[in-house]
Every structure is written in structure tokens, then in C-alpha cells.
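Chain and residue survey
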Amino acid sequence: MPLVAPSILAADFSKLGEEVRMVSEAGADYIHVDVMDGFFVPNITIGPSMVKSLRKHSKLPFISHLMITHPERHVEAFADAGSDIIEVHVEAEQNISETLRMIRGLGKKAGLAVNPPTPIEKAFPFLREMDLLLIMSVNPGFGGQKFIEDVLPKIGQAKEEMRRIGVSVPVEIDGGITTETGELAARAGADILAAGTSVFKAPDMKKAIAALRACGGSKG
Ligand code: DX5
Ligand code: ZN
């Protein structure tokens, strides 16, 4: 059954600390933090100082999803701020191997993210250098978008390549995740569901998280 990573992008920014505490108590497995620079994506969100202040509101591992150009210039700041997993994009301007190594060198887990139009094969050369593969199911920049079903086969393709080369990297899927789309993603093999709207805008966060974790339950 998949783990659940609520994305605080959909939380109330005027009381983020409280929201992080609430979602942690509601049974989340990770806190997913969407970092946007207004350049790699059209939106601007959170920086390392915010991660540092939020850190004390939860014991859960923090995933910093960096949707920024030149992530290598900022990974140290996000590591120091208390991120446990730092994800960078395969499409961002950087030396990917070097950035992933840098993240691991800081004692953190390194993730690599792939946008919907990007072929999954672009991530394959780095499978041994990452601790998490993030498959985007919306074009990054905004929460509340519609899940792009076309990305689903990427999960199986990535898992097949992992088997072929003898590695096992958990796959996170991010964007437009509801119990319906989460079901599809979990059945396709996703290990972690990142979900903003369907958790934070739910009438009952605890139920919403439990429902997501039950996705793909019949896959055995
Ligand atoms: C998209 C972000 C996602 C997104 C998830 O740019 O990376 O994490 O906010 O939010 P929902 O679940 O609302 O699509
Ligand atoms: Zn994200």
C-alpha cells in the first residue's frame, strides 16, 4: 500500500505551522514541500527559511521538491533547513549527477523528478544515483490541476528498468492525486502518493489520508 505525502501547497499559508502539525497528526507519512522560483515554473512559493520554521512542527521526514533552475545553488540551504529528501528536476539546468551526489554528500536522500512531457528514459542513467524517483502527473507550477493519465505507464517502465539493472528506487507520483487517480497510480506501482488538494481541502484530513493509503489495496 502506498505511503502518503501531503503537499502543503494546498494548505492555508497564514497558518502553515498548524497545518503541518495537523496533517502529521492525521497520519501523513511525509511532508511534501513545493519550492518554486518563478522561473523554472511560473509560480513562486516557499524558501529554505520557511522549511526551517516548519521543521519544528513535525517529526515526519520533509521532502523538498525543488522546481527551480540551478538547484545545486540551493540544495545546501534546504539540507541545513531540515529537509530529509531533496528532489531536483531532470529538466532543470544543472549537472544532474553532481547535484544528486551533492545531496547525498549532505547526508540527505536524493530524488529526481520527471515532468509529464519528458520521457522517463531521461531518468534512467541516474537510477543508481537517486533514492527516490518522482513522476509528475501534472505540469508543475500549481496545485489543483487535473491528473494526466498518460504518465501512468512511466511507473511500470521505470520499475522494469530498475529490475533490469538490479536497483530498487521508490516511485512517488505528484499532481492531481485523489482516491480515484491514486488508485490508478498505486495499481501501476507507485510507492508514494503526493497529494495537496485532496488532503488539505478535505473535510476530514485523517479520512482523506487513510483513503489514499488504501489505494491499490487489491493489488495484493
Ligand atoms: C505541482 C506540485 C504538486 C502539487 C500537488 O507543481 O509539485 O505537489 O501541488 O497538488 P495537487 O494534489 O493539488 O495537485
Ligand atoms: Zn510537488
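Now for a description of the structure that goes with this document. This one's a predicted model, so the numbers in the text were calculated from it and none came from an experiment.

**Some thoughts on the pattern of salt bridges**
Summed over the entire model, instances satisfying the criterion amount to six salt bridges. The partner of Arg 104 in a salt bridge is Asp 131, with the nearest N and O atoms 2.9 Å apart. Within this pair, whereas Arg 104 is found in helix H4 (residues 96-105), its partner Asp 131 is found in the loop between strand S5 (109-114) and strand S6 (132-136), the two being separated by 27 residues in sequence. When its relative accessible area of 24% is taken as the criterion, Asp 131 is described as partly exposed.

**Considerations on the coordination of the zinc ion (ligand 2)**
Reference geometry at the metal: tetrahedral coordination by four donors gives ideal angles of 109.5 degrees; octahedral coordination by six donors gives 90 or 180 degrees. Each protein donor to the zinc ion (ligand 2) is listed here as His 32 (NE2), Asp 34 (OD), His 65 (ND1) and Asp 174 (OD); together their distances run 2.0 to 2.3 Å. Note that the zinc ion (ligand 2) binds six donor atoms; their angles at the metal cover 71 to 170°, and the shape is octahedral. Linear spacing of the donor residues for the zinc ion (ligand 2) on their chain is H-x1-D-x30-H-x108-D. Of the two residues, Asp 34 sits in strand S2 (residues 31-36) while His 65 sits in strand S3 (residues 62-67), which places them 31 residues apart along the sequence. Across the pair, His 65 and Asp 34 agree in class, each one buried.

**Some thoughts on the sheet that holds strand S7 (residues 171-174)**
Read across the open sheet, the eight strands follow the order S1-S8-S7-S6-S5-S4-S3-S2; overall the sheet is parallel. Only two strands of the sheet have a single neighbouring strand rather than two, namely strand S1 (3-6) and S2. Along the sheet, successive strands turn relative to each other by an average axial angle of 25°, direction set aside. Strand direction decides the pairing type here: S5 and S6, joined by four bridges, are parallel. Considered in S6, the bridge of Leu 112 is made with Leu 133.

**A closer look at the nonpolar core**
Ranked by internal contacts, the top residues of the largest apolar core, which has 61 residues, are Ile 8, Leu 133 and Ile 173. In terms of residue count, the dominant contributor to this core is helix H5 (residues 152-165) (four residues). Leaving out residues up to four positions away in the same chain, Ile 173 has contacts with Leu 134, Ile 135, Ser 137, Phe 147, Val 151, Ile 155, Ala 185, Ala 190, Ile 192, Leu 193 and Ala 194.

**Some remarks on helix H8 (residues 205-213)**
Listing the buried residues of H8 in full gives Met 205, Ala 208, Ile 209 and Leu 212. For H8, the angular spread of the buried residues around the axis is 95°, confining them to a single face. Residues of H8 that are exposed and point over 90 degrees away from its buried face: Lys 206 and Lys 207. Buried-residue contacts for H8 involve S1, helix H1 (16-25), helix H6 (179-188), strand S8 (192-195) and helix H7 (197-200). Measuring from the side-chain oxygen of the N-cap residue of H8 to the backbone nitrogen of Lys 206 gives 3.0 Å; that N-cap residue is Asp 204.

Criteria and thresholds
- Residues numbered from 1 in each chain as written.
- Chains lettered and ligands numbered in written order.
- Predicted model: local features only at pLDDT ≥ 70, side-chain atom pairs only at ≥ 80, totals over all residues.
- Heavy atoms only, no water.
- Salt bridge = Lys/Arg side-chain N within 4 Å of Asp/Glu carboxyl O.
- Helix = DSSP H or I, 4+ residues; strand = E, 2+ residues; numbered from the N terminus.
- Buried < 20%, exposed > 50% of the residue type's maximum accessible area, 1.4 Å probe, protein only.
- Donors = N, O, S within 2.8 Å, 3.2 Å for Na, K, Ca; no water.
- Tetrahedral: all angles 85-135°; square planar, octahedral: opposite > 155°, others 65-115°.
- Pairing = 2+ DSSP bridges.
- Axes fitted to C-alpha atoms, helices over the stretch in contact; angles between N-to-C directions.
- Core = buried A, V, L, I, M, F, W, Y, C linked by side-chain atoms within 4.5 Å.
- Contact = heavy atoms within 4.5 Å.
- Arc of directions from axis to C-beta.
- Polar contact = N/O pair within 3.5 Å; in protein donor to acceptor, adjacent residues only side chain to side chain.

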